[in-house]
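Architecture and fold: a report
Each chain is listed here by its residues.
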Amino acid sequence: MLGIRNTEQAAYEVIFRQDDIEIRHYRQQIVAETEIEGDYKQAGSIGFNRLAGYIFGNNIQKQPMTMTSPVYREAISEKIAMTAPVIQQKTNEKWSMAFVMQAEYSLETLPEPIDPMVIIKPIASKKVAVLSYSGVLNVERITEKSQALSAWLATNHYTPLSLARSAAYDPPWTIPALRRNEIHIDIQ
């Protein structure tokens, strides 16, 4: 009923901590990713079901895998080249969702997805600024917390290398006050 956080998590090392913000170093990881068109709620349901299907055996080898956390989600923005700089702008309702694969797998040993909308890809090791919070996970909260983390990065002279993405660690039935949610921005 409460939701128990007992899944394997993406490995990282905390480099710096201040209140609810951390700078982390993430090791290389592999994700199963999908892109979805639709509003936040629709995209979340479609993306989660598609990726969950893959890890629960909808793959060529029919091999079930264990769920890991976090589940990443971000709005996909289109890059429009200007004279300078390149502008990031959301042009429609498109989202990316990714599940981190268990550390025991490599690109060679992961089962092959049946669904062509599920892409397996490596993510290089990186430094990430993270803002942690509890409560509901919706567009408004993600926007609010993304703006707060972006402002903190600017004030503290960090250079962002990505758009903000949300990271969710708990099942949807977890009581909101007990949920672990995060905003991640890759930094230089």
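Computed from a predicted model, the values in this text were never measured in an experiment.

What counts and what doesn't
Residue positions within a chain follow its written sequence, with the count starting from 1. At least 70 in pLDDT is required for a residue's local features to be given in this predicted model, at least 80 for side-chain atom pairs to be given and counted, and no such filter applies to totals for whole chains, interfaces and linings, which use all residues. Side-chain numbers here rest on the full set of heavy atoms in the structure, without hydrogens or water. Across the chain, each position has a pLDDT score giving the predictor's confidence in that residue, from 0 to 100. Note on contacts: a residue pair is in contact if any heavy atoms of the two residues lie within 4.5 Å. Helix and strand assignments follow DSSP, with helices taken as H or I runs no shorter than four residues and strands as E runs no shorter than two, numbered in order from the N terminus. Between buried and exposed lies partly exposed: a residue is buried under 20% and exposed over 50% of the maximum accessible area for its type, with that area taken using a 1.4 Å probe on protein chains only. Two rings from Phe, Tyr or Trp (for Trp, the six-membered ring) form a pair when their centres sit within 6.5 Å of each other. Planes less than 30 degrees apart are called stacked, planes more than 60 degrees apart edge-to-face, and all others tilted. A positively charged side chain is recorded as over a ring if its NZ (Lys) or CZ (Arg) lies within 6 Å of the ring centre. The angle to the ring normal must also be within 35 degrees. Whenever a carboxyl oxygen of Asp or Glu lies within 4 Å of a side-chain nitrogen of Lys or Arg, that contact is scored as a salt bridge. A helix is expected to reach a length of 1.5 Å times the quantity of its residues less one. Within 3.5 Å is the distance limit for a polar contact, defined as a pair of N or O atoms, with the added protein rule that one can donate a hydrogen and the other accept it, and that residues adjacent in sequence qualify only through two side-chain atoms. Buried Ala, Val, Leu, Ile, Met, Phe, Trp, Tyr and Cys residues form a nonpolar core when they are joined through side-chain atoms within 4.5 Å. Here, strands pair whenever DSSP counts at least two bridges between them.

Here's the deal with the confidence of the model for the protein
Confidence in the prediction for the protein averages 89 pLDDT; 89% of positions are at 70 or higher. Predicted confidence for residues 79-91 stays below pLDDT 50, and this span has 18 contacts to residues more than four positions away or in other chains.

So, the environment of Pro 70
You can see Pro 70 is positioned in the loop between strand E5 (68-69) and strand E6 (71-75). Among the residues examined, Pro 70 registers a relative accessible area of 1% and is labelled buried. Taking the C-alpha atoms as reference points, Pro 70 and Thr 7, separated by 63 residues in sequence, lie 8.9 Å from one another. Sequence-distant contacts of Pro 70, that is, excluding residues within four places in its chain, are made with Ala 10, Ala 98, Val 100, Ala 167, Ala 168 and Tyr 169.

Considerations on the packing of aromatic side chains
Inspection of every chain in the model, using the stated rule, returns five aromatic pairs. Stacked on the ring of Tyr 72, the Lys or Arg Arg 165 has its end atom at 5.7 Å from the ring centre. Sitting above the plane of the Tyr 169 ring, Arg 180 keeps its charged end 3.7 Å from the centroid.

So, the pattern of salt bridges
Working definition: two side chains of opposite charge can pair if their charged atoms are close together. Applying the stated criterion across every chain, the model contains nine salt bridges. The residue Arg 50 makes a salt bridge to Asp 115 at a minimum N-O spacing of 3.8 Å. Pair noted here: Arg 50 is in helix H1 (residues 40-55) and Asp 115 is in the loop between strand E9 (94-100) and strand E10 (119-123), with a separation of 65 residues, a long-range link. Taken together, the salt bridges that share partners define one network made up of Arg 17, Glu 22, Arg 24, Arg 180 and Glu 182.

With respect to the environment of Val 130
Here Val 130 is to be found in strand E11 (residues 126-133). Exposure remark for Val 130: the relative accessible area of 1% places this residue in the buried category. Sequence separation between Val 130 and Arg 17 is 113 residues, and the spatial gap between their C-alpha atoms is 9.5 Å. Those residues in contact with Val 130 that lie beyond four places of it in its chain are Asp 20, Ile 21, Glu 22, Arg 24, Leu 149, Glu 182, Ile 183 and His 184.

Some remarks on H1
Taking 1.5 Å as the rise per residue, H1 with 16 residues should run 22 Å; its terminal C-alpha atoms sit 22 Å apart, in good agreement. Turning to H1, its buried residues are Tyr 40, Ala 43, Gly 44, Gly 47, Arg 50, Leu 51, Ala 52, Tyr 54 and Ile 55. On its buried face, H1 sits against strand E4 (29-37), E6, E9, E10 and helix H2 (139-155). N-capping of H1 is provided by Asp 39, with a side-chain oxygen placed 3.2 Å from the backbone N of Lys 41. Phi turns positive one or two residues past the end of H1, at Gly 57, with a value near 120 degrees.

What about the nonpolar core?
Residues Tyr 54, Ile 55, Phe 99, Met 101, Leu 110, Leu 149 and Leu 153 are the most contacted members of the largest nonpolar core, which totals 31 residues. Residue assignment for this core shows that the elements contributing at least two residues are strand E3 (21-26), E4, H1, E9, E11, H2 and strand E13 (181-187). Considering every element that reaches this core, the biggest residue donor is H1, with six residues. Apart from residues no more than four positions distant in its own chain, Leu 153 is found in contact with Ala 129, Tyr 158, Ile 185 and Ile 187.

A short note on the pairing of E9
With six of seven residues buried, E9 lies mostly within the body of the structure. Bridge analysis of E4 against E9 gives seven bridges, and the strand direction is antiparallel. Residue pairing for E9: Thr 34 is matched across the bridge by Met 97. Pairing of E6 with E9, which is carried by five bridges, proceeds in the antiparallel orientation.

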